[in-house]
Amino acid sequence: NVDMQFNKLGGSDLSVSDICLGTMTWGIQNTQQDADEQLAMAIEHGVNFIDTAEMYPVPPNDKTYGDTERILGNWLARNQSSRDSLVIMTKVAGSGLSYIREGGPITASAVETALNDSLSRLNTDYVDVYQLHWPNRVTPHFGKHWPDRTNPTKIDKQQEIDGMRDILTGIKKALDAGKIRHWGLSDDTPWGIHTFLTLCKEMNIPLPVSIQNEFSLLHLKDWPYLIEMCALENIAYLPWSPLATGMLSGKYMNGDRPKDSRWTLVQRQGLFRDKEPAREATARYVEIAKRAKITPSQLALAWCKQVPGVTSTIIGATTTNQLAENLSAFSLNLDESTLKQIGEVVRRHPLGY
């Protein structure tokens, strides 16, 4: 597709589309046929970047564990000639899910077991970027970024560093075996990035190439500090949930819950994003989108794309109509007036939830 823009993925040699297709709805909200249709549409549009995880689909549970990778693997088995033109990322789950390695933390042996299982579900012999889904320590993500939700003084620093060193020995083994080409982080912090960079240099292990964190018009906690670190250390910054789990589409306004939408499903942490400031900000963004003659989703995605330091934005859709709308957002350029209006709301509500 002539419109698609490509960016280098951090310090890797990979060139990725500025849209990454997220897959976590496949297996609960979406069938194999839906996934096949989404992949066909995304690839035709020029997308070469796909993100999944062993934990998917969401909400996670033991009955569907691994199904998203299986669905992608089923497609790959039928489309083997496409494999090398795609950049496929998956993730090893962290602790807390009793049915995944007894709820244990990420370790070198967990990386080995999880990766072998992922490769077999995905029907491929390598993963382009293997990510640590979340850190072993408690971090300020998933609604825990407020001052009363985490306590950094209670972290055992040496224990964390020892654990990270152990993880890196597993990553090194996977890199040396050619099972992964690169590795990356997810749901981590500047300290996590800094410590991994230090340990990689000390242990002579390739540096992480990317991090994916939650980032959207309703959730700007990574701007500017974490994003500055990524830009200066050559780590690709990949926003997940750029529509704040669909909230920024406007579909949940006034308490609406469209049939089969994500907010009708039971969430692990409840609907913690459904807060008054987020509702107020969303109403403003919907008005701004109307004035700009684009949809609220397109406004949110086009805004994300133009943030300095954002490498590729991870989008997810449950229908091909939503996917088409989301894909088209990336060929839009927001004008000065629209950006100024957005900026005023951002200053009022930098963190809607």
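In case you missed it, the structure is sitting above this.
Not measured: the values here are computed from a predicted model. (Residues numbered from 1 in each chain as written. Predicted model: local features only at pLDDT ≥ 70, side-chain atom pairs only at ≥ 80, totals over all residues. Heavy atoms only, no water.)

Draft legend 1. Expanded view of the pattern of salt bridges. On inspection of all chains with the given rule, the structure shows 18 salt bridges. Here aspartate 162 ties to arginine 165 by a salt bridge, and the two come within 3.6 Å at their closest N and O atoms. Within this pair, aspartate 162 and its partner arginine 165 are both found in helix H4 (residues 157-176), separated by three residues, close to a single helical turn. Linked by salt bridges that have partners in common, Arg257, Asp274, Glu276 and Arg279 make up one network. (Salt bridge = Lys/Arg side-chain N within 4 Å of Asp/Glu carboxyl O. Helix = DSSP H or I, 4+ residues; strand = E, 2+ residues; numbered from the N terminus.)

Draft legend 2. Fine view of the nonpolar core. If you look at the biggest cluster of nonpolar residues, it comprises 84 residues, and the most contacted ones within it are Trp183 and Tyr285. Listed in part, the 13 residues of the second largest apolar core include Leu14, Cys20, Leu238 and Trp240. (Core = buried A, V, L, I, M, F, W, Y, C linked by side-chain atoms within 4.5 Å. Buried < 20%, exposed > 50% of the residue type's maximum accessible area, 1.4 Å probe, protein only.)

Draft legend 3. Structural detail: the pairing of strand S8 (residues 210-214). Within S8, five of the five residues are buried, which leaves it mostly tucked inside the rest of the structure. Of the two faces of S8, the one holding Ser210, Gln212 and Glu214 and the one holding Ile211 and Asn213 are both buried throughout. Where the polypeptide runs from strand S7 (residues 180-186) across helix H5 (residues 190-203) and back to S8, its parallel neighbour, the crossover connection is right-handed. For S8 and strand S9 (residues 236-240), the ladder comprises five bridges, and the chain directions are parallel. Of the residues in S9, the one forming a bridge with isoleucine 211 is tyrosine 237. Between the parallel pair S8 and S9, the chain is carried across by helix H6 (residues 225-233), and the sense of this crossover is right-handed. (Right-handed = clockwise from strand over helix to strand, strands pointing away. Pairing = 2+ DSSP bridges.)

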